[in-house]
Amino acid sequence: MLSVEEIESCRQAFNTFDKDGSGTIDANELKATLEALGQNPTAEEIFLMISEVDDDNSGEIEFAEFLRCIQNQKEKLAAKADDSETVAAFVALGGCKDQTGSISVQKLCDVVKDFGLTIDIEKLIQEIDKDGSGQVDYEEFKALLA
Ligand SMILES: [Ca+2]
Ligand SMILES: [Ca+2]
């Protein structure tokens, strides 16, 4: 969810786009704003941008649609941030930063026991390490934490 401050700044951004104050952003307004930002979108690009957001197919972007778009953006960023913590843990256990490589099941078990966690890690790993290789790759590791 967006905070009150975020909604407020969305409102300001929206008003910047909505030059005639009609309460919607139409294609011309979107184009003019992007051009003011130094971009040079084609009519087709503008159309695609609007249709991506335009849930009610009105051909214009209402404030609710604008808000939803910003919120989606924010959730995407948050999901990315979550990922980076998983990657950091993966690297700390011997994996690679680019999400390749793998960590040994033995090491993972040791760490879990060191932390005194009560989860049944061996059972979990049996479920995740389906090929029984004794190695946990990034996707498996991520599933483990999920
Ligand atoms: Ca308008
Ligand atoms: Ca609309």
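Going by the structure above, here's the rest.
Conventions adopted
Residues numbered from 1 in each chain as written. Chains lettered and ligands numbered in written order. Predicted model: local features only at pLDDT ≥ 70, side-chain atom pairs only at ≥ 80, totals over all residues. Heavy atoms only, no water. Buried < 20%, exposed > 50% of the residue type's maximum accessible area, 1.4 Å probe, protein only. Helix = DSSP H or I, 4+ residues; strand = E, 2+ residues; numbered from the N terminus. Arc of directions from axis to C-beta. Contact = heavy atoms within 4.5 Å. Polar contact = N/O pair within 3.5 Å; in protein donor to acceptor, adjacent residues only side chain to side chain. Axes fitted to C-alpha atoms, helices over the stretch in contact; angles between N-to-C directions. Parallel < 35°, antiparallel > 145°, perpendicular 65-115°, else oblique. Left-handed = near helix turned anticlockwise from the far one by under 90°. Nonpolar A, V, L, I, M, F, W, Y, C, P; charged D, E, K, R; others polar.

(A) Structural context of helix H7 (residues 138–145). Within H7 the residues assigned to the buried category are Tyr 138, Glu 140, Phe 141 and Leu 144. Along the axis of H7, the buried residues cluster in a sector spanning 160°; they form a single face. Each element contacted by the buried residues of H7 is listed here: helix H4 (63–92), strand E3 (102–104), helix H5 (105–114), helix H6 (121–128) and strand E4 (135–137). One side-chain oxygen of the residue at the start of H7 lies 3.2 Å from the amide nitrogen of Glu 139, identifying that residue as Asp 137.

(B) A look at the packing of helix H2 (residues 27–36) against helix H3 (residues 43–53). Contact geometry for H2 and H3: axes closest at 10 Å, N-to-C directions at 115°. The pairing of H2 with H3 is recorded here as roughly perpendicular in orientation. Seen from above, H2 lies across H3 with right-handed handedness. Between H2 and H3, the contacting residues are Ala 27, Leu 30, Lys 31 and Leu 34 on the first element and Ile 46, Met 49 and Ile 50 on the second. A breakdown of the residues in the contact of H2 with H3 according to their chemical character gives 6 nonpolar, no polar and 1 charged.

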